[in-house]
Structures are given as structure tokens and as C-alpha cells.
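# Observations on the three-dimensional arrangement
What follows is the residue order along each chain.
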Amino acid sequence: MAYEDPYAALGVQKGASRKEVQKAFRELAFKHHPDKDPSLEAAQRFQRISRAATTILKEVRSFATVAI
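First, a word on scope: everything that follows refers to the structure included in this document. (Residues numbered from 1 in each chain as written. Predicted model: local features only at pLDDT ≥ 70, side-chain atom pairs only at ≥ 80, totals over all residues. Heavy atoms only, no water.)

## Here's the deal with the environment of V21
Of note, V21 is situated in helix α2 (residues 18-32). Judged by its relative accessible area of 0%, V21 is buried. With 14 residues separating them in the primary sequence, V21 and Y7 have C-alpha atoms 8.6 Å apart. Ignoring any residue separated from it by four or fewer positions in sequence, one finds V21 in contact with L10, V12, A16, I56 and L57. (Helix = DSSP H or I, 4+ residues; strand = E, 2+ residues; numbered from the N terminus. Buried < 20%, exposed > 50% of the residue type's maximum accessible area, 1.4 Å probe, protein only. Contact = heavy atoms within 4.5 Å.)

So, in C-alpha cells, the structure goes:
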């Protein structure tokens, strides 16, 4: 699997706040959720944005822990 920038997948800038990431994820997840769009491409896009959001939110969480 090729590397994909998680920020690009969600359409947010690097260093985006937790709120911005969550908002972008919710919007894209609603649009590409397999229950809403049954195509195989939608399921793949949904998985991609889910991985991206998880990656970014883990990064934000670990940064917040270090910064304290």
C-alpha cells in the first residue's frame, strides 16, 4: 500500500485542530458511508478517510500529552 497523506485525505491542513479534523471526517464519512452509497469505491473511500482521521487524532492526542 502506498503512503497517503492523511491530511490530504481529509482535506485539512497539517496542524489542524482536533475539531477541524473531526468536522472534516464527519462530512466525508456521511457522504461516503457504505450505507449511503453502496458502491465499492465508496467503501474504499470510507476506509481511507477513517484511517486518516484515526492517524491524525492519535497524533494530536500524543502531542497534547507531550505538551503538558
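## Topic: the environment of R48
Position of R48 relative to the elements: it lies in helix α3 (residues 40-67). Remark: the alpha-carbon pair of R48 and A9, spanning 39 residues in sequence, is separated by 7.3 Å. Among all residues touching R48, those that are not within four sequence positions of it are E4 and A9. A distance of 3.1 Å separates a polar atom in the side chain of R48 from a polar atom in the side chain of E4. (Polar contact = N/O pair within 3.5 Å; in protein donor to acceptor, adjacent residues only side chain to side chain.)

## Quick word on the pattern of salt bridges
Across all of its chains, the model carries two salt bridges by this definition. Where R48 meets E4, a salt bridge forms, and the shortest distance between an N and an O atom there is 3.1 Å. Remark: E4 occurs in the segment before α1 (6-10) and R48 occurs in helix α3; sequence separation between them is 44 residues. On the basis of relative accessible area, R48 is assigned to the partly exposed category, the value being 31%. Note that D37 is salt-bridged to R45, the shortest N-O span being 3.7 Å. (Salt bridge = Lys/Arg side-chain N within 4 Å of Asp/Glu carboxyl O.)

## Here's the deal with the nonpolar core
In terms of nonpolar packing, the biggest core is built from 14 residues, with L10, V12, V21, I49 and I56 touching the most fellow members. Contributing elements (two or more residues each) for this core: α1, α2 and α3. Per-element accounting of this core gives the leading share, six residues, to α3. (Core = buried A, V, L, I, M, F, W, Y, C linked by side-chain atoms within 4.5 Å.)

## Points about α2
Note that an α-helix has 3.6 residues per turn; residues three or four places apart therefore point the same way. End to end, α2 covers 21 Å across 15 residues, agreeing with the expected 21 Å (1.5 Å per residue, within 8%). When we look at burial in α2, the residues that qualify are V21, A24, A29 and H32. Seen along its axis, α2 keeps its buried residues to an arc of 125°; they face one direction. Exposed residues lying more than 90 degrees from the buried face of α2 are K19, R26, F30 and K31. (Expected span 1.5 Å × (residues − 1). Arc of directions from axis to C-beta.)

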